[in-house]
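Structural overview
These are the residues of each chain, in order.
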Amino acid sequence: MILTCTPNPSVDHTLEVPELLLGDILRIRSPTTEAGGKGVNVSRALRAMGRATTAVLPVGGATGAELTSLLSGLQHVAVPIAGTTRKNFTLAEGDGTTTKLNSSGPELAPGEVDGLLAAVEAELARGPEWLVASGSLPVGAPVDLYARLAKLAGSYGVPVALDTSGEPLATAVAAGGSTLLKPNREELGALAGRALESVGDVVRAAREAVARGNHAVLVTLGPHGALLADADGIWWGQGPPVVPRSTVGAGDCALAGYLSADGPPDHRLRRAVAWGAAAVALPGTTVPGPGEPRPDAVRVVPDPPASWLLDEL
Ligand SMILES: O=P(O)(O)OC[C@@]1(O)O[C@H](CO)[C@@H](O)[C@@H]1O
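Just so you know, the residues in each chain are numbered from 1, in the order the chain's sequence is written. Two thresholds apply to this predicted model, a pLDDT of at least 70 for residue-level local features and 80 or more for giving and counting side-chain atom pairs, whereas whole-chain, interface and lining totals are computed over all residues. Excluded from the side-chain calculations are hydrogens and water; all other atoms, namely the structure's heavy atoms, are used.

With that out of the way, let us pick up the sheet that holds strand β2 (residues 10-17). Reading across the sheet, the four strands line up as β3-β2-β6-β7 and stay open at both edges, with mixed pairing between neighbours. The sheet is open, and its two borders are formed by β3 (29-36) and β7 (98-101), each paired with just one other strand. When strand polarity is set aside, the average angle formed by the axes of neighbouring strands in this sheet is 20°. Sheet topology places β2 next to β3; six bridges connect them, and they run antiparallel. The residue bridging threonine 14 from the neighbouring strand is threonine 32, located in β3. The strands touched by helix α2 (residues 61-70) within the sheet are β2, β3 and β6 (86-93), with β3 carrying the most contacts at an inclination of about 95°. Between any two strands, at least two bridges found by DSSP are needed for them to pair. Helix numbers and strand numbers start at the N terminus; a helix is a DSSP run of H or I with at least 4 residues, a strand a run of E with at least 2. Here an axis means a line fitted to C-alpha atoms, over the contact stretch when the element is a helix, while the angle between two N-to-C directions is reported on a 0 to 180 degree scale. Between two residues, a contact is recorded if the distance between any of their heavy atoms is within 4.5 Å.

By nearness alone, 15 residues border the ligand, and Asp12, Arg86, Lys100, Ser136 and Asp252 come closest of all. Contact between the ligand and asparagine 41: an oxygen atom at 2.9 Å from a side-chain N or O atom of the residue. Here the accessible surface of atoms and residues is derived via Shrake-Rupley with a 1.4 Å probe, and residues count as covered only by protein chains that are part of the display. Protein contacts shield 89% of the accessible area of the ligand, which totals 400 Å² for the unbound molecule. Spatially, the ligand is embedded in the largest pocket. Elements with a contribution of two residues or more to the shell around the ligand: β2, α1 (38-48) and β6. Three classes are used, and their members are as follows: Ala, Val, Leu, Ile, Met, Phe, Trp, Tyr, Cys and Pro are nonpolar, Asp, Glu, Lys and Arg are charged, and the others, Gly among them, are polar. Each residue belonging to the shell around the ligand can be placed in one class, and the counts come to one nonpolar, nine polar and five charged. Distances are taken per atom, and a residue is near a molecule or strand as soon as one of its heavy atoms is within 4 Å of it. Contacts described as polar in this section are N or O atom pairs within 3.5 Å, which, within protein, must combine one atom able to donate a hydrogen with one able to accept it, while residues neighboring in sequence count only if both atoms come from side chains. Method remark: on a 1 Å grid restricted to protein atoms, a set of points is classed as a cavity if a 1.4 Å probe fits but cannot get out and as a pocket if it is open with protein on both sides within 12 Å along at least five of seven lines; lining residues have an atom within 4 Å of a point. A molecule is counted as occupying a cavity or pocket when more than half of its atoms fall within 2 Å of that pocket's grid points.

What follows is about the packing of aromatic side chains. Two rings from Phe, Tyr or Trp (for Trp, the six-membered ring) form a pair when their centres are within 6.5 Å of each other. A pair whose planes differ by under 30 degrees is stacked, one over 60 is edge-to-face, and the rest are tilted. Tallying each qualifying case throughout the model produces one aromatic pair. Between tryptophan 236 and tryptophan 308, the ring centres sit 5.8 Å apart and the planes meet at 85°, which makes this aromatic pair edge-to-face. A residue pair is termed long-range when its members are at least 10 positions apart, and tryptophan 236 in strand β13 (residues 234-238) and tryptophan 308 in the segment after β14 (299-302) qualify at 72 residues. Working definition: with a 1.4 Å probe on protein chains only, accessible area under 20% of the residue-type maximum means buried, over 50% means exposed, and in between means partly exposed. Classification of tryptophan 308 by relative accessible area gives partly exposed; the value is 29%.

With respect to the helices and strands, the residue glutamine 238 is situated in strand β13. Under the relative-accessibility criterion, glutamine 238 is labelled buried at 17%. Once residues within four sequence positions are removed from consideration, glutamine 238 is found in contact with Pro223, His224, Gly225, Val273, Ala297, Val298, Arg299 and Leu313.

Reading across from one edge, β5-β4-β1-β8-β9-β10-β11-β12-β13-β14 is the order of the ten strands in this open sheet, with mixed pairing throughout. If you trace the sheet from one side to the other, it starts and ends with β5 (76-80) and β14, each paired once. Across four bridges, the pairing between β13 and β14 is antiparallel. Opposite tryptophan 235, over in β14, you have proline 302 as the bridge partner. Where α1 meets the sheet, it contacts β1 (2-5), β4 (53-59), β8 (130-134) and β9 (160-163), and its direction lies at approximately 150° from that of β4. Helix-sheet contacts for helix α9 (residues 265-280) involve β8, β11 (216-220), β12 (226-230), β13 and β14, and the interaxial angle to β13 is about 30°.

Here we come to the packing of helix α3 (residues 110-124) against helix α4 (residues 145-155). Closest axis-to-axis distance for the α3/α4 pair is 10 Å, and the angle between their directions is 25°. With respect to their mutual orientation, α3 and α4 come out roughly parallel. Judged by the twist between their axes, the crossing of α3 over α4 is right-handed. Along the contact surface, α3 presents Val113, Asp114, Leu116, Leu117, Val120, Glu121 and Leu124, while α4 presents Leu145, Arg148, Leu149, Leu152 and Ala153. Taken together, the residues that form the contact of α3 with α4 break down as nine nonpolar, no polar and three charged. Orientation labels follow simple angle bins: below 35 degrees gives roughly parallel, above 145 gives roughly antiparallel, 65 to 115 gives roughly perpendicular, and whatever is left gives oblique. Left-handed is the label given to a crossing in which the near helix is rotated counterclockwise from the far helix by less than a right angle, and right-handed is the label when the rotation is clockwise.

Take the confidence of the model for the chain next. In this model, the chain carries a mean pLDDT of 95, and residues with pLDDT of at least 70 account for 100%. Interface predicted TM-score (ipTM) for the complex: 0.99; the corresponding pTM is 0.96. Per residue, pLDDT captures the predictor's confidence, and it can take any value from 0 to 100.

Structure below.
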């Protein structure tokens, strides 16, 4: 079983418009509403693969009730909170460009943060294969929440995959103890404090995180594939071209692909890229069905030259 924890889940509304013209009336095509938040998406993708998963998430208010019903049977532990779960919006244009409007979410009281940690610990005691800790932190959650979760998981011998950004990412990276970090290019650049232009830039930034006691870094590069780096090697993977519909949630599907694979790093990367690419071709945060990703169509290059420019991959 793969356990996910999403401290700040959402109900995701996706509004498809031909083009985002500010100040105009935009006619919406095919609105969709899905259960969201990064860890929730990872669990949804794992379920689509037929893998056992449990999602732990705080829920509150009418949106919380809607979120719970949108999980439609996904195994989960809902930690009740007094505040109201957030709604996030995506404006998806005809060419696949997406604009996200994410609210900060409800404020968690200290007792609710403790309740979330206790719910995760109860699931850790069941011996999951991984703990996935993902997304932004709600107001009231301590900035070291992910560092604490990694430590807790470590005490149960459970590997941790972390996907967050900004200060929560920097705090957890500095504390060490994550088995896998899954930033995108911008998030890793912000962590390193510099723009990442080349493969060498990414590898240096990833190795800095590894040197602080984390094991591997999977960096998603949007249309340029993904790079996987650990202390022993570097691999770059690129999928076949897709017609993009919505990139939202593609990183979550990539992470689910990575975690669901057994075997050597290049095999895990192949599955990650295939699941991410398949998600990009789907509307909103729809997760691919098991037959849609094509790992066999992913090209993996071990030790890509440091001089390769990311925008030209
Ligand atoms: O505000 P956060 O927590 O950083 O991101 C939340 C979110 O944008 O991430 C998911 C896609 O990865 C969506 O389901 C959700 O709306």
